[in-house]
Amino acid sequence: MLFNDLFREAYRTVLVKGSDEPEYLPASGPEGLAQVIFAHGYYASALHEISHWCIAGEHRRTLHDYGYWYCPDGRTLQQQEAFEQVEVKPQAIEWLFSVAAGSRFHISVDNLSGVGAANEARFRHNVRSQAGEYLVRGLPRRAQAFFDALATFYGTGENLEERWLEDARRIAPSYSESGHSQEN
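So, a few notes on the structure that sits alongside this text.

Scoring rules and cut-offs
- Residues numbered from 1 in each chain as written.
- Predicted model: local features only at pLDDT ≥ 70, side-chain atom pairs only at ≥ 80, totals over all residues.
- Heavy atoms only, no water.
- Axes fitted to C-alpha atoms, helices over the stretch in contact; angles between N-to-C directions.
- Helix = DSSP H or I, 4+ residues; strand = E, 2+ residues; numbered from the N terminus.
- Parallel < 35°, antiparallel > 145°, perpendicular 65-115°, else oblique.
- Left-handed = near helix turned anticlockwise from the far one by under 90°.
- Contact = heavy atoms within 4.5 Å.
- Nonpolar A, V, L, I, M, F, W, Y, C, P; charged D, E, K, R; others polar.
- Core = buried A, V, L, I, M, F, W, Y, C linked by side-chain atoms within 4.5 Å.
- Buried < 20%, exposed > 50% of the residue type's maximum accessible area, 1.4 Å probe, protein only.
- Pairing = 2+ DSSP bridges.

1. Concerning the packing of helix α2 (residues 43-55) against helix α4 (residues 88-101)
Part 1 of the argument: It is the contact of α2 with α4, at a shortest axis distance of 8 Å, that shows an interaxial angle of 125°. What the angle tells us is that α2 and α4 run oblique. As for the relative orientation of α2 and α4, their crossing is right-handed in sense. Where α2 abuts α4, its residues Y43, A44, L47, H48, I50, S51, H52, C54 and I55 lie against K89, P90, Q91, I93, E94, F97, S98 and A101.
Part 2 of the argument: In terms of residue class, the contact of α2 with α4 is built from 10 nonpolar, 5 polar and 2 charged.

Encoded structure:
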């Protein structure tokens, strides 16, 4: 409801509950609507797919799945490293959406039947750093609008910073280049 209220008219885009795999479908014509499809009605899936949409540029939003090639679960180490590199910003935005919505966020390396994470501690640190940077400098325009709508709707605005710091300690304790936690 919040997404559609914000973006249906201005961006001709709607959020749609899907079944198996999430997907982005561009509008089929000038009067059509693009669809951000999230998996199984899961709230976290919706927030994640919205985060991808919020950072996709105008051209990418004209392409199926933003024109990205997706390598499914079961990735090699090299494929996983590439995945972790491109997932930092969307997961950082999803995390902030979760904080604004008062829901629990979980970092995902999304490679259960593959080699697992290439470097999970580094990935967690990179997502935490990016989210922290967004909090200081601001989110991309559409992401900021959705973040603000979530915080208003769920009434989380007053304690966002406190919840963010608590969540940051849970998800990604301070990280050194050696990969060791700096927090006790």
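2. Quick word on the environment of V14
Part 1 of the argument: Relative to the assigned elements, V14 resides in strand β1 (residues 13-17).
Part 2 of the argument: When sequence neighbours within four positions are dropped, the list of residues in contact with V14 reads F3, N4, R8, L33, A34, Q35 and V36.

3. Observations concerning the nonpolar core
Part 1 of the argument: Residues F3, W53, W95, F97, F146 and L150 are the most contacted members of the largest nonpolar core, which totals 41 residues.
Part 2 of the argument: Counting residues per element, this core draws most heavily on α4, at 9 residues.
Part 3 of the argument: Not counting residues up to four positions away in its chain, the partners in contact with W53 are F3, F7, Y11, T13, Y24, V36, R61, Y66 and R142.

4. Notes on the side chain of T156
Part 1 of the argument: Summarising the element assignment, T156 is placed in the loop between α6 (141-154) and α7 (160-171).
Part 2 of the argument: Here T156 falls in the buried class, since its relative accessible area comes to 7%.
Part 3 of the argument: Setting aside anything within four residues of it in sequence, one finds T156 in contact with V99, A100, A101, G102 and A151.

5. Observations regarding the sheet that holds β1
Part 1 of the argument: If you trace the 3 strands from one edge of the open sheet to the other, you get β1-β3-β2, paired in mixed fashion. Only two strands of the sheet have a single partner each, and these edge strands are β1 and β2 (23-25). Going across the sheet, the axis of each strand differs from the next one's by a mean of 20°, ignoring polarity.
Part 2 of the argument: Here 5 bridges tie β1 to strand β3 (residues 34-38), and the two strands are oriented parallel to one another. Its bridge partner being in β3, T13 is matched across the sheet by A34.
Part 3 of the argument: This element, helix α1 (residues 2-11), spans β1 and β3 of the sheet and lies at about 135° to β1.
Part 4 of the argument: The sheet contacts of α2 involve β1, β2 and β3, and relative to β3 the element is tilted by about 145°.

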